Amino acid sequence: MSCRGDSDDDSCSKRRVVYVFSPEYIDTCDSLSKVPNRASMVHSLIEAYGLLKYMSIVKPGVATIEEMAKFHTDSYLEHLHKISQDGDNDDPQSVDYGLGYDCPVVEGIFDYAAAVGGATLTGAQCLLDKKCEVAINWAGGWHHAKKDEASGFCYVNDAVLGILKLREKYERVLYVDVDLHHGDGVEDAFSFTSKVMTVSLHKFSPGFFPGTGDLTDTGLGKGRWYAINVPLEDGIKDDRYYQVFTSVMQEVRAQFNPEAVVMQLGADTMAGDPMCSFNMTPVGVGKCLQYVLQWQLPTLLLGGGGYNLANTARCWTYLTAAVLGKTLSSEIPDHEFFTEYGPDYSLEISPSCRPDRNDTKHLDQVIGTIKGNLKNVV
């Protein structure tokens with residue numbers, strides 16, 4: 001069920017897709033300081049390419065404290081609520097909850113967290129209700145938040161909430177994370193269970209955030225061998241990344257046999273991202289996404305990182321089209337943010353002239369170790 005090549009591949013045009021969206025939700029997400037207006041840029045480009053008509057647009061609910069407390073502690077949520085009301089940055093307790101430096105306290109931050117959490121829960125519920133095969137929340141994917149701590153611009157771990165929702169019906173849920181950064185909050189949340197397998201491909205290098213996700217981190221207790229980490233070096237490009245991804249995912253599917261998938265598609269791996277680490281394009285990530293979609297399992301797609309805002313919109317628009325089996329014109333259509341796409345006004349992202357620091361022999365060893373570890377999954 002690959003949707004590449006043919007512009008309206010049959011299996012893809014039959015795929016029912018829910019797109020979680022409302023103007024209020026986008027406004028709330030736009031106000032998040034780290035990625036100003038990113039949610040609007042992404043949505044506007046998807047709309048400008050005429051993709052909305054192929055999806056069911058579902059208005060997101062707002063997560064209640066009870067819903068967020070399925071993962072987060074009451075004390076963390078109560079504190080977030082308290083400081084959010086007046087944007088109080090001086091509360092001495094805040095530092096204990098990871099609030100401050102990386103996760104600044106701004107007025108309304110609790111409402112933002114509840115909006116993102118609610119949107120991912122809405123997508124998961126649509127999958128449970130069989131309204132679609134794929135649900136998309138590009139403004140979600142905040143994978144660093146811990147149960148009692150904000151981290152790395154993430155105040156609520158919507159990915160964890162989405163997985164827990166899917167677990168109400170599905171025995172085994174697979175989480176796949178292709179953001180540049182390790183999906184530490186999601187791995188931690190499920191490190192002791194064999195019901196959720198987490199797979200993260202990420203940059204792993206001394207001093208690079210969050211510093212976790214080594215090959216030897218494989219889960220704990222009953223969850224041992226159910227956390228898969230694929231540490232990578234700078235400069236990796238589409239072909240090699242896809243080769244590593246498919247080698248690992250083929251084995252993951254064979255051994256774990258998931259019933260549903262949550263995939264985090266952070267776009268900070270793209271060439272041109274200020275993180276200046278990987279050298280990917282939307283085509284490479286799109287091939288990885290197609291590999292997972294061909295399993296034909298209920299799949300929840302989330303965003304994540306992506307700090308070159310135009311490239312992030314390019315990437316997620318391309319991926320939306322890939323899910324739908326549509327081919328897009330290279331020329332960015334005229335729309336509200338058109339001027340952000342200069343100087344070429346093209347959908348494509350070209351790789352940079354940077355060396356790939358990944359040694360083939362070393363990567364083969366990494367894949368070999370992971371395959372060996374997966375043999376322990378029962």
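Structure shown above.
Anyway, here's the lowdown on the structure attached to this text. Model, not experiment: these values are computed from the prediction.

**Looking at the overall build of the protein chain**
Thinking step 1. Along the backbone of the protein chain there are 12 helices and 8 strands.
Thinking step 2. Across its three principal directions, the C-alpha atoms of the protein chain cover 50 × 50 × 45 Å.
Thinking step 3. Classification of the 378 residues of the protein chain by burial places 60% in the buried group.
Thinking step 4. Across the protein chain, every contact between residues at least 6 apart in sequence was considered, and the portion connecting residues at least 24 apart equals 79%.
Thinking step 5. Here the protein chain contributes 33 positive and 51 negative side-chain charges, whose respective centroids are spaced 9 Å apart.

**What about the nonpolar core?**
Note that soluble globular proteins tend to have their nonpolar side chains buried in a common cluster.
Thinking step 1. Tyr155, Leu174, Met197, Phe245 and Met249 are the most contacted members of the largest nonpolar core, which has 134 residues in total.
Thinking step 2. With 13 residues, the top contributor of residues to this core is helix 6 (residues 109–128).
Thinking step 3. Residue contacts for phenylalanine 245: discarding those within four places in its chain leaves Val176, Val178, Leu201, Met263, Cys288, Tyr291 and Val292.

**Description of the pairing of strand 3 (residues 134–137)**
Thinking step 1. By the alternation rule, side chains of strand 3 split into Val134 and Ile136 and Ala135 and Asn137, which are all buried.
Thinking step 2. Relative to strand 3, strand 1 (residues 17–20) is paired through 3 bridges, and the arrangement is parallel. Bridging from a neighbouring strand, valine 17 pairs with valine 134 of strand 3.
Thinking step 3. Here 4 bridges tie strand 3 to strand 8 (residues 299–302), and the two strands are oriented parallel to one another. Opposite asparagine 137, over in strand 8, you have leucine 302 as the bridge partner.

**So, the state of the cysteines**
Thinking step 1. Under the defined criterion, the tally for this structure stands at 0 disulfides.
Thinking step 2. With no disulfide of its own, cysteine 126 lies 5.3 Å from the sulfur of cysteine 132, the closest cysteine sulfur.
Thinking step 3. Looking at the unpaired cysteine 154, the closest cysteine sulfur is the one in cysteine 103, lying at 6.8 Å.

**With respect to the sheet that holds strand 1**
Thinking step 1. Read from one edge to the other, the open sheet built from 8 strands follows the order 2-1-3-8-7-4-5-6, with strand pairing classed as parallel. Looking at which strands have only one partner, the edges of the open sheet turn out to be strand 2 (56–58) and strand 6 (227–232). Across this sheet, the average inter-strand angle for adjacent strands is 15°, counted without regard to direction.
Thinking step 2. Sheet contacts for helix 9 (residues 238–256): strand 4 (173–177), strand 5 (196–203), strand 6 and strand 7 (260–264); angle to strand 5, the most-contacted strand, approximately 170°.

**Notes on the side chain of glutamate 187**
Thinking step 1. By secondary structure assignment, the location of glutamate 187 is in helix 8 (residues 184–189).
Thinking step 2. In this structure, glutamate 187 is buried with no salt-bridge partner, the nearest side chain bearing the opposite charge being lysine 146 at 9.9 Å.

**A word on the environment of aspartate 30**
Thinking step 1. Assignment of secondary structure puts aspartate 30 in helix 2 (residues 23–30).
Thinking step 2. C-alpha of aspartate 30 to C-alpha of threonine 369: the two residues are 339 residues apart in sequence and 41 Å apart in space.

**Remarks on the side chain of glutamine 264**
Thinking step 1. With respect to the secondary-structure elements, glutamine 264 resides in strand 7.
Thinking step 2. Residue classification places glutamine 264 among the buried positions, given a relative accessible area of 0%.
Thinking step 3. Polar side-chain contacts of glutamine 264 include one of 3.0 Å to the backbone oxygen of glycine 141.

**Quick word on the pattern of salt bridges**
Thinking step 1. Tallying each qualifying case throughout the model produces 10 salt bridges.
Thinking step 2. One salt bridge in this structure joins glutamate 171 and lysine 195, with 2.5 Å as the shortest N-O distance. You can see glutamate 171 sitting in the loop between helix 7 (158–166) and strand 4 and its partner lysine 195 sitting in the loop between helix 8 and strand 5, a full 24 residues away along the chain.
Thinking step 3. Residue glutamate 171 is classed as partly exposed on the basis of its relative accessible area of 36%.
Thinking step 4. In this structure lysine 195 comes out as partly exposed when scored by relative accessible area, which is 30%.
Thinking step 5. Across the pair lysine 203 and aspartate 234 runs a salt bridge, and its minimum N-O distance is 2.9 Å.

**Considering helix 11 (residues 309–324)**
Thinking step 1. In this model, helix 11 (16 residues) spans 23 Å end to end at C-alpha, consistent with the 22 Å of a helix rising 1.5 Å per residue.
Thinking step 2. With 15 of its 16 residues buried, helix 11 lies for the most part within the structure.
Thinking step 3. Where helix 11 terminates, the next one or two residues include glycine 325, which has phi positive at roughly 70°.

**Details of the environment of lysine 222**
Thinking step 1. Position of lysine 222 among the secondary structure elements: in the loop between strand 5 and strand 6.
Thinking step 2. Counting along the chain gives 89 residues from lysine 222 to glutamate 133, while the straight-line C-alpha distance between them is 30 Å.
Thinking step 3. Among all residues touching lysine 222, those that are not within four sequence positions of it are Phe192, Thr193 and Ser194.

Rules behind the numbers
Residues numbered from 1 in each chain as written. Predicted model: local features only at pLDDT ≥ 70, side-chain atom pairs only at ≥ 80, totals over all residues. Heavy atoms only, no water. Helix = DSSP H or I, 4+ residues; strand = E, 2+ residues; numbered from the N terminus. Buried < 20%, exposed > 50% of the residue type's maximum accessible area, 1.4 Å probe, protein only. Contact = heavy atoms within 4.5 Å. Lys, Arg positive; Asp, Glu negative; His and termini not counted. Charge placed at Lys NZ, Arg CZ, Asp CG, Glu CD. Core = buried A, V, L, I, M, F, W, Y, C linked by side-chain atoms within 4.5 Å. Pairing = 2+ DSSP bridges. Disulfide = S-S within 2.5 Å. Axes fitted to C-alpha atoms, helices over the stretch in contact; angles between N-to-C directions. Salt bridge = Lys/Arg side-chain N within 4 Å of Asp/Glu carboxyl O. Polar contact = N/O pair within 3.5 Å; in protein donor to acceptor, adjacent residues only side chain to side chain. Expected span 1.5 Å × (residues − 1).

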